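# Secondary and tertiary structure notes
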Amino acid sequence: MTLSDANEAQAAEIIGWFPRPRSALIPLLHLAQAQDGYLTDGAMRRIAELVGATPAEVKGTAGFYEMFRFEPVGTYLVNVCTNISCLLWGGEELLEHACESLDVEVGGTTDDGMFTVEEAECIAACTEAPCLQVNYRYRGRVTPADFDRLIEDLRAGRAGIAGHGVLAQVRQSIPAERLAGVVPPEQAREAPVWLARNDVEAVR
Amino acid sequence: MGTPSAAGGHPAPLPDRSAGDGYLPHAPGYVLNDGPKLITGRFVHEDSFTLARYESTGGYEGLRAALEMTPAAVHDEVRSATLLGRGGAGFPAGVKWGFLPPGKHPYYLVVNGDESEPGTYKDRLLMERDPHQLIEGCLIACYALGLQQCFLYVRGEMALAQERIAAALNEAYEAGYVGRGICGRDFSVDIVMAWGAGAYIVGEETALIESLEGRRGMPRLKPPYFPAAVGLYGQPTIVNNVETLSNLPWLMVNGADAYKGFGSESSPGTRMFAVSGHLRRPGVYEVEHGVTTFRELIYGDNFCRGIRDGHELKMFIPGGGSAPWFFEDHLDLPLEARPVGAAGSMLGSGAIVVMDDTTDAVRAAWRVVKFFARESCGKCTPCREGTTWLEQILRRILDGEGRPSDIDLLLDIGDNISPGPYPVAAHDGADAVPFPPRQTTICPLGPSAVAPVVSTIRRFREEYESKITRRDPIPLEVVPAGAPQ
């Protein structure tokens, strides 16, 4: 068993929303990473079966995307932005401070497995520089003192941020009776009714 | 904090962000100033992302208005509004829609919410603060064009945006706005959220489609140039930006003529600009398109209020990390694609990064180049190798290891990625070379890395030279024969 029962059910639902199962690959990898904190070989093999790909194709695709991990990272992944707007307001100094205060190199994980510090590219909070994300949740205008406080809060479990791998806390779900219907492209060659009807009206 | 500040200036103190003064604590970064608010009007409400707030502030009225018209009439309305794409290229949405080949169903709609261009963020705010407006925009497009499937692709790193969109879609399905028989009509569309996993290149529309097909996000070979011909699963596909689609509800309620009452004739409506850097009041502003100038945006009381105390403007990036850089002589250009393009850059993704006189031009250029080197997908050799070489050469210049030939070498590598005269901003009476550049690559990522290098060499060559005039002989490392390498 490599995906929990709940995740197996979730995976089946997600696959049903795409005209081709392979399109569900990235969402399913996220599901696995939320479950285990990183992508296990077992989960990738199971996902390969589910989307009709080989395990090598799954790993080869996952490896293209920076967020997917093949080994455990800290409970909290701290991404400090140093791209241009943050550079102008001390992003590099903030990254340096983060590494010093947690006693890790960039990319390293603290001995207790709590924190991994990485250098991020632009995370789209440029006016709030210098900024960072903890498990992809934003903190803006972060001074070194703010950073230390944030680490304290995270250690104490006060920051309200889930462990690495969890992204949205709300998932999309479509009630079966509300789904318009998803079919492979080769089964949807007709113009949709509202468009077809309009054409008839236009002719009239 | 051992090393000197990255850009040369000490970061403190940060700009004042006390509540009031247009700054909304629940929407960090957005600044509510005077001026028309077509797409950010709800941001002032803390619960702007809920269906209840959306419906009580005119939500889904644009969809209802559209459903009273024929699909062709909706398309005509969008075409006559000259709604320009907000993703970067600025192509008119109504014209792009018209590229769908008749009868080749199914068509797909893919929403590009993979916002990652350095300096850019407005789609994130639109997704977090007003997801229903985006959903309504998708529905209007689907109705007009006969699309039954929409995929809303959100950047992987934007957890809150994913959460807000998922919640909004759940509400909208429940309330009958999305799914089977929308608003009791024979109009049925499924909207499914997909999300990425960390790859800038996926913002390129054909790479986005590859990613949505469950593959490595590498751009497809052109032609065909437009996914409208061959897109998702080989079917005609419209890829629209989040901000573009977010304009549709207002447009359908108020009509194209009202829309054209804002902005300039060739660039109507409003546009969101993220203005960051060494400013008194950096922020994301909704601005009248085409009429406001860079000077007003950077110095105006209603906008950023000028450069931080005691400093002066040195340079600015007018349209995201990919754009050639501008200088004080460009301040009076309007925020409009054509004049900005004629001056040798692009308005791009609505991201303006302002740098003051403390900024080290070489270091700033290096940081942007480093981004492109990291994000190159590796498909095209000139980009894969060239961006890395540019980064390494800039790095050694900054480290005091630069060689006198390095400036020419940088330009030569740039010429291999983007041959011919590279677009540069006009200054001192020189002619600008118009954007976009020629390229030896499939997509514009490679040429984008050339932009900061050429811009800064042309303008601040002496800064490069001063860093490489130090000429210690390069130490020759003699490896004894038989020693391990």
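### Here we look at the overall build of chain B
Secondary structure assignment for chain B yields 16 helices and eight strands. By the compact-globule yardstick of 23 Å for 485 residues, chain B fits well, its C-alpha radius of gyration being 23 Å. In terms of overall dimensions, chain B has C-alpha extents of about 80 × 50 × 45 Å along its principal axes. Within chain B, the fraction of its 485 residues that count as buried is 63%. In chain B, 70% of the contacts between residues at least 6 apart in sequence involve partners at least 24 apart. Of the roughly 16700 Å² of accessible surface on chain B, a fraction of 54% belongs to carbon and sulfur atoms. The positive charge centre, built from 45 side chains, and the negative charge centre, built from 59, are 4 Å apart in chain B.

### Here we look at the overall build of chain A
Secondary structure summary: chain A contains eight helices and four strands in total. Ordered by position from the N terminus, the helices and strands of chain A form the series α-α-α-α-β-α-α-β-β-β-α-α. In terms of overall size, chain A is more extended than a compact globule, its C-alpha atoms giving a radius of gyration of 22 Å where 204 residues would be expected to give roughly 17 Å. When its C-alpha atoms are laid out on the principal axes, chain A stretches across 70 × 45 × 30 Å. Within chain A, buried positions represent 56% of all 204 residues. For chain A, the share of sequence-separated contacts (at least 6 apart) that also reach a separation of at least 24 residues comes to 64%. For chain A, the exposed surface amounts to about 8300 Å²; the carbon and sulfur share of it is 50%.

### What to know about helix H2 (residues 25-36) of chain A
Residues and elements named next belong to chain A. Its 12 residues place the ends of H2 17 Å apart at the C-alpha level, agreeing with the 16 Å of an ideal helix rising 1.5 Å per residue. Burial analysis of H2 places nine of its 12 residues in the buried class, the great majority of the element. Leu25, Ile26, Pro27, Leu28, Leu29, His30, Leu31, Ala32 and Gln33 are the residues of H2 that are buried. Looking one or two places after H2, you find Gly37, whose phi comes out positive at around 90°.

### What about the domain arrangement of chain A?
Per the domain assignment, the segments of chain A are domain 1 (5-64) and domain 2 (76-163). Between domain 1 of chain A and domain 2 of chain A, the C-alpha centre-to-centre distance is 29 Å.

### Re the interface of chain A and chain B
It is common to report an interface's size as the accessible area lost on association of the parts. With 74 residues of chain A at the interface, the matching set in chain B holds 109 residues. Summed over both partners, the interface of chain A with chain B comes to about 7600 Å²; 57% of that surface belongs to carbon and sulfur atoms. Summed over the shared surface of chain A and chain B, the number is seven salt bridges. Connecting chain A to chain B are 41 residue pairs in polar contact (both at pLDDT 80 or more). Every element with two or more residues in the side of chain A that touches chain B is listed here: H2, helix H4 (55-62), helix H5 (84-87), helix H6 (91-102), strand E2 (115-120), strand E4 (137-139) and helix H8 (193-203) of chain A. Considering every element that reaches the side of chain A that touches chain B, the biggest residue donor is H8 of chain A, with five residues. For the side of chain A that touches chain B, a count of residues per class yields 40 nonpolar, 16 polar and 18 charged.

### A closer look at empty space enclosed by the protein
All names here are of chain A. On inspection of all chains with the given rule, the structure shows four cavities of 30 Å³ or more. The residue makeup of the lining of the largest cavity, split by class, is eight nonpolar, three polar and two charged. Considering only enclosed or pocket space, the second largest cavity measures out at about 40 Å³ in volume. When residues in the lining of the second largest cavity are grouped by element, the largest group, three residues, is from H5. Split into classes, the residues belonging to the lining of the second largest cavity amount to nine nonpolar, three polar and no charged.

### Here we look at the pattern of salt bridges
In the structure shown here, the tally under the stated rule is 44 salt bridges over all chains. The salt bridge involving Asp130 of chain B is made with Arg42 of chain B; its shortest N-O contact spans 2.9 Å. Of this pair, Asp130 of chain B sits in the loop between helix H5 (123-129) and helix H6 (131-145) while Arg42 of chain B sits in the segment before helix H1 (51-56), and the two are 88 residues apart along the sequence. Overall, the relative accessible area of 1% leaves Asp130 of chain B in the buried class. In this structure, Arg185 of chain B and Glu68 of chain B form a salt bridge, with 2.6 Å as the shortest nitrogen-oxygen distance. In this pair, Arg185 of chain B sits in the loop between helix H7 (159-175) and strand E3 (190-195) while Glu68 of chain B sits in the loop between helix H2 (61-67) and helix H3 (71-80), placing the two residues 117 residues apart along the sequence. Residue classification places Glu68 of chain B among the exposed positions, given a relative accessible area of 62%. Linked through salt bridges whose partners overlap, the residues forming this network are Glu66, Glu119 and Glu121 of chain A together with Arg367, Lys370 and Arg374 of chain B.

Calculation rules
- Within any chain, residue numbers begin from 1 and follow the written order of that chain's sequence.
- Note on labels: chains are lettered from A, ligands numbered from 1, in written order.
- Residue-level local features of this predicted model are given only where pLDDT is at least 70; pairs of side-chain atoms are given and counted only at 80 or more, and the full residue set underlies all totals for whole chains, interfaces and linings.
- Side-chain metrics rest on all non-hydrogen atoms present in the structure, leaving aside hydrogens and water.
- Helix numbers and strand numbers start at the N terminus; a helix is a DSSP run of H or I with at least 4 residues, a strand a run of E with at least 2.
- Throughout, radius of gyration means the C-alpha value; the globule benchmark is 2.2 Å times the number of residues raised to the power 0.38.
- Partly exposed residues are those whose accessible area sits between 20% and 50% of the maximum for their type, while under 20% is buried and over 50% is exposed, using a 1.4 Å probe and protein chains only.
- Any pair of residues with heavy atoms lying within 4.5 Å of one another is described as a contacting pair.
- Using a 1.4 Å probe, accessible areas were evaluated by the Shrake-Rupley method; residue-level cover was limited to the displayed protein chains.
- Counting rule for charge: Lys and Arg are taken as positive, Asp and Glu as negative, and neither His nor the chain ends is counted.
- Note on charges: their place is set at NZ of Lys, CZ of Arg, CG of Asp or CD of Glu.
- A helix's residues, less one, multiplied by 1.5 Å, set its expected span.
- Domain start and stop positions are those given by an automatic or database domain assignment.
- A simple way to read buried area is as the amount of 1.4 Å-probe accessible surface that goes missing from two parts once joined, with both sides added.
- Just to be clear on terms, a salt bridge is a Lys or Arg side-chain nitrogen sitting within 4 Å of an Asp or Glu carboxyl oxygen.
- Counting of polar contacts relies on pairs of N or O atoms within 3.5 Å, with two restrictions inside protein: one atom must be capable of donating a hydrogen and the other of accepting it, and residues adjacent in sequence are counted only when both atoms are side-chain atoms.
- Residues were grouped as follows: Ala, Val, Leu, Ile, Met, Phe, Trp, Tyr, Cys and Pro as nonpolar; Asp, Glu, Lys and Arg as charged; and all remaining residues, including Gly, as polar.
- The way it works is a 1 Å grid over only the protein atoms, where trapped points that fit a 1.4 Å probe form a cavity and open points with protein on both sides within 12 Å along at least five of seven lines form a pocket, and then any residue with an atom within 4 Å of a point lines it.
- Grid points are joined across faces, edges and corners, and a volume is the space filled by probe spheres set on the points.

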